[in-house]
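Understanding the architecture of this molecule
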Amino acid sequence: MTMAKRSSSEAMAWLLFSAGGVVSALLVPVLLLLSGVLFPLGLLVPEHAHLAAVLGHPLTKVVLLGLCMLALLHWAHRFRYTLYDGLRLKRLSVPINLLCYGGALAGSVWAAIVLF
Amino acid sequence: MPDTITLQVARYRPDADAAPTTQEYVVPLREEWAVLDGLNYIKDRLDGTLSFRWSCRMGICGSCGMTVNGNPVLTCGTFLTDYAPGPIRIEPLANFPVVRDLVVEIEDFLRKLPAVKPWLVREDEQGVDDVEFLQTPAQLAEYQQYSMCINCMLCYAACPVYALEPDFLGPAAIALAQRYNLDSRDQGAHQRLDLLATAQGVWACTYVGECTSACPKGVDPAGAIQRYKLTAATRTLRSVLMPWAAR
Ligand code: SF4
Ligand code: FES
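Residues numbered from 1 in each chain as written. Chains lettered and ligands numbered in written order. Predicted model: local features only at pLDDT ≥ 70, side-chain atom pairs only at ≥ 80, totals over all residues. Heavy atoms only, no water.

A few words now on the site of ligand 1. Neighbouring ligand 1 are 13 residues, the closest being C149, C152, M153, C155 and C215 of chain B. The class makeup of the residues in the shell around ligand 1 is 11 nonpolar, 1 polar and 1 charged. (Near = heavy atom within 4 Å. Nonpolar A, V, L, I, M, F, W, Y, C, P; charged D, E, K, R; others polar.)

Quick look at the structure:
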């Protein structure tokens, strides 16, 4: 059987996809619960100065940026295959890859601008 | 319970028909009869021209896979009464070309199977006196599940990726590669890597999981592929980042 050679880009894309899935599954529910439910409902009232200090800390920013980047890369991989297989558009793989990974990159830059 | 059931069987004789047709047969509905027994009743009593494959009648040979009411199953392990009162639709396995009636062309699978080297690969050729390899129960458990595969190809019929991409190595072949990769006696994992870590290998899989639902032997090919993706990704990146430590 003739086969293509080992694909390091697929390996990289999949690792980032998995990492994105794991960190999103771990962190996003916590963030949603805090900022979407507990804070607005007043069930947990953080002191403003304390919250500002936590959010202003460089480590928090790095973690949040990492979360945004990996979550976007997770989306990029999923959406790429949704277009490839779900909509049978594999012949358009070049523009699709540009859209997905370009979108993830643009989103990451935007996240960095918002955070820093 | 009625004492008969109708089977709607796909017929296709490439020499005579332009396209597949459906033919109805009424067969006895007996509690101990599998779908395959219904087909054999047709073959013996009603219509000797119907073609289908079978051999063991006990879920071992893997040759009786067909599409029953839309799902890929072993017809010797699927009972008529499960579908009563019927009718039951019986078609050839999906994703394979039809040779005749319910018989499919499996050449593609037979080509892919040996490509993953499904045997114990050793770097050293041992002498006859040294060929006894001992294995602990824990080492056996590492791969035993994957060794249950009977090559029935139900997983290929169930896989939507294989339907779109015939070059995809496919669930059973990858699970079988893992069966040997995870065997403590095998030394061929790096040889299989070159085939498995490609766009037609594990990277084609999008983890739909239909293969695992279809498998009659509990092999879990989707799990095998998913697990191998991590191996493939780390090995591939290591050889990119550290070419001197290649393999
Ligand atoms: S993995 Fe399961 S479904 Fe696929 S060929 Fe083997 S036994 Fe059949
Ligand atoms: S006849 Fe052998 S598996 Fe069904």
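So much for the structure itself; the text now carries on.
With 21 residues, helix α9 (residues 221-241) of chain B ought to run about 30 Å at 1.5 Å a step, and its terminal C-alpha atoms sit 30 Å apart, in line with that. Looking only at α9 of chain B, the buried set comprises P221, A222, G223, A224, I225, Y228, K229, A232, A233, T236 and L237 of chain B. Buried residues along α9 of chain B sit in contact with α1 (8-38) of chain A together with α4 (154-158), α6 (171-181), α7 (189-196) and α8 (210-214) of chain B. (Helix = DSSP H or I, 4+ residues; strand = E, 2+ residues; numbered from the N terminus. Expected span 1.5 Å × (residues − 1). Buried < 20%, exposed > 50% of the residue type's maximum accessible area, 1.4 Å probe, protein only. Contact = heavy atoms within 4.5 Å.)

Residue and element names in this part refer to chain B. In this structure, K43 sits in helix α1 (residues 35-46). According to the relative accessible area criterion, K43 is partly exposed, its value standing at 32%. What K43 contacts, discounting residues up to four positions off in sequence, is G48, L50 and F52. Of the polar contacts made by the side chain of K43, one reaches the backbone oxygen of G48; its length is 3.1 Å. (Polar contact = N/O pair within 3.5 Å; in protein donor to acceptor, adjacent residues only side chain to side chain.)

Counting residues in hydrophobic clusters, the biggest one holds 70 residues, and the most contacted among them are L7, L39, L80 and F168 of chain B. The element contributing the most residues to this core is α6 of chain B, with 6 residues. Split by domain, the residues of this core number at least three in each of domain 1 (4-104) and domain 2 (107-246) of chain B. When sequence neighbours within four positions are dropped, the list of residues in contact with L7 of chain B reads Q23, E24, Y25, V27, G38, L39, I42, L80, I88 and I90 of chain B. By size, the runner-up hydrophobic cluster in this structure holds 8 residues, among which are L73, A76, Y81 and L83 of chain A. (Core = buried A, V, L, I, M, F, W, Y, C linked by side-chain atoms within 4.5 Å. Domains from an automatic or database assignment.)

Right, let's get into the packing of α1 of chain A against α9 of chain B. Running from amino to carboxyl end, α1 of chain A crosses α9 of chain B at an angle of 120 degrees, the nearest separation of the two axes being 9 Å. Between α1 of chain A and α9 of chain B, the crossing angle belongs to the class labelled oblique. Considering only the axes of α1 of chain A and α9 of chain B, their crossing is left-handed. Of the residues in α9 of chain B, those in contact with S8, A11, M12, W14 and L15 of chain A of α1 of chain A are Q226, K229, L230, A233, T236, L237 and V240 of chain B. Taken together, the residues of the contact of α1 of chain A with α9 of chain B break down into 8 nonpolar, 3 polar and 1 charged. (Axes fitted to C-alpha atoms, helices over the stretch in contact; angles between N-to-C directions. Parallel < 35°, antiparallel > 145°, perpendicular 65-115°, else oblique. Left-handed = near helix turned anticlockwise from the far one by under 90°.)

Side chains that differ in sign of charge can pair as their charged atoms come close. Residues and elements named next belong to chain B. One pass over the full model with this rule turns up 13 salt bridges over all chains. A salt bridge links D108 to R111, with the shortest nitrogen-to-oxygen separation between them at 2.8 Å. With D108 and R111 both in helix α2 (residues 107-115) and 3 residues apart, this pair spans about one turn of that helix. Each of R11, D47, R100 and D101 takes part in a single network of salt bridges with overlapping partners. (Salt bridge = Lys/Arg side-chain N within 4 Å of Asp/Glu carboxyl O.)

Glancing now at unusual backbone geometry. Residues apart from glycine generally show negative phi values, whereas peptide bonds are mostly found in trans. Residue and element names in this part refer to chain B. Here the residue pair A84 and P85 is connected by a cis peptide bond, since its omega of 5 degrees sits within 30 degrees of zero. Residue position: P85 is located in the loop between β4 (71-74) and β5 (88-91). Here the residue pair G86 and P87 is connected by a cis peptide bond, since its omega of -5 degrees sits within 30 degrees of zero. The residue P87 is located in the loop between β4 and β5 in this model. Phi is positive for R57, which is not a glycine, with a value near 60 degrees. Inspection of the secondary structure puts R57 in the loop between α1 and β3 (65-68). Positive phi values are uncommon outside glycine, yet D101 reaches one of about 45 degrees. Mapped onto the elements, D101 comes out in the loop between β6 (98-100) and β7 (103-104).

Limitation: the analysis is restricted to geometry and does not speak to function.
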